[in-house]
Amino acid sequence: MSLIVPDFDESVIVRSVEAEVVGRAPTSIQLLADSNATGGALSTQRVTLSDGADGARPHHHGNSVEMFYLLDGTAQLLSGDQVVTAERGDLVIVPPGLPHAFAAAPESDADILIVITPGVERFEYFRHLERIAYGKVPPESLLDVQELYDTYFLQSAAWDGRR
C-alpha cells in the first residue's frame, strides 16, 4: 500500500458562485477542486442530474478511489455487478478496479458530490465530455485519453439491464 502525501500548504476554498460549470440540464457538472489545487490528494466535482439523466457510463479507475455522496435526490449506481439505489445522505465508495457508473434514478433528480483520490486532473476530462455533448469532437475520442484520466470504459450487462 502506498501513501499519497499531498503537496499543498494552504486551505483550498472554492466559492460556489465562482466554480466553473460545464454542461447544462439535464446534466451539469460544477468543477470544484482539481488535483493540482490539492497537491494530488483529491479532485472533486458536483454533478446535478435531472429527470433520470445519465451521469457516467460503466468504467473503472486503475489507481483511484471514487466517492459518491448524495446531496439530494435519488441515484442509481453500478458497483461491480450490482446496481444500488442511493438517496439523500447515502454514501457509496468504489475501490480502484471495480466497474461503476451513475445516473439519476428514473423520473428522479440527483445532486451528487464526487471525490476521487488520489487526485487525477479531471477538469479537462469534463470539458472534453462537454465538447462531445455539443458535437465538437466524436465520442470515440475518449478512448484516446483513458490512461490520461485513469478512466477505462467497459460494458456492463447489469447496468444496461437497469438503464
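Above: the structure in question.
The model shown is predicted, which means the values in this text are computed figures rather than measured ones.

Draft legend 1. Fine view of the overall build of the chain. Regarding its fold elements, the chain presents 2 helices and 10 strands. Element order for the chain, N to C, with α for helix and β for strand: β-β-β-β-β-β-β-β-β-α-β-α. For the chain, whose C-alpha radius of gyration is 15 Å, the value lies close to the compact-globule estimate of 15 Å for 163 residues. On the principal axes, the C-alpha backbone points of the chain span a range of 45 × 35 × 35 Å. Residue burial in the chain is summarised as follows: out of 163 residues, 41% are buried. The long-range fraction of contacts in the chain, counting pairs at least 24 apart against all pairs at least 6 apart in sequence, stands at 71%. As presented, the chain carries roughly 8900 Å² of accessible surface, and 51% of it is formed by carbon and sulfur atoms.

Draft legend 2. Examining the nonpolar core more closely. Leu49, Phe68, Leu77, Phe102, Ile112 and Ile114 are the most contacted members of the largest nonpolar core, which totals 27 residues. In this view, Phe102 contacts Val47, Leu49, Asp54, Gly55, Ala56, Phe68, Gln76, Leu77, Ile112, Ile114 and Trp159; residues no more than four positions away in its chain are not counted. Val83, Ala101, Ala103 and Trp159 belong to the second-largest nonpolar core, a separate cluster that totals 5 residues.

Draft legend 3. A look at the packing of aromatic side chains. A complete count under the given rule lists 3 aromatic pairs for this structure. Ring centres of Phe68 and Phe102 lie 5.3 Å apart, and the angle between their planes is 55°; on these two criteria the pair is classed as tilted. In this pair, Phe68 sits in strand β5 (residues 65-79) while Phe102 sits in strand β8 (residues 100-104), placing the two residues 34 residues apart along the sequence. No difference in accessibility class separates Phe68 from Phe102, as the two residues are buried.

Draft legend 4. Layout of the pattern of salt bridges. The full count for this structure, using the stated rule, is 6 salt bridges. The residue Arg127 makes a salt bridge to Glu20 at a minimum N-O spacing of 2.6 Å. With Arg127 in helix α1 (residues 123-133) and Glu20 in strand β1 (residues 20-24), this residue pair connects regions lying 107 residues apart in the sequence. The class for Arg127 is partly exposed, based on a relative accessible area of 24%. Across the pair Arg127 and Glu124 runs a salt bridge, and its minimum N-O distance is 3.4 Å. A residue pair is termed a helical-turn pair when its members lie 3 or 4 positions apart in one helix, as Arg127 and Glu124 do in helix α1 at 3 residues. Look at the salt bridges and you will find they share partners, linking Glu20, Glu124, Arg127 and Arg131 into a network.

Draft legend 5. Spotlight on α1. Within α1, the full set of buried residues consists of Phe123, Tyr125, Phe126, His128 and Ile132. Considering only its buried residues, α1 is in contact with β1, β2 (27-33), β3 (43-49) and β10 (152-153). Phi turns positive, to about 75°, at Gly135, one or two residues after α1.

The rules behind each value
Residues numbered from 1 in each chain as written. Predicted model: local features only at pLDDT ≥ 70, side-chain atom pairs only at ≥ 80, totals over all residues. Heavy atoms only, no water. Helix = DSSP H or I, 4+ residues; strand = E, 2+ residues; numbered from the N terminus. Rg over C-alpha atoms; globule rule 2.2 N^0.38 Å. Buried < 20%, exposed > 50% of the residue type's maximum accessible area, 1.4 Å probe, protein only. Contact = heavy atoms within 4.5 Å. Areas by Shrake-Rupley, 256 points an atom, 1.4 Å probe, with all protein chains shown as cover. Core = buried A, V, L, I, M, F, W, Y, C linked by side-chain atoms within 4.5 Å. Phe/Tyr/Trp six-rings, centres within 6.5 Å; stacked < 30°, edge-to-face > 60°. Salt bridge = Lys/Arg side-chain N within 4 Å of Asp/Glu carboxyl O.

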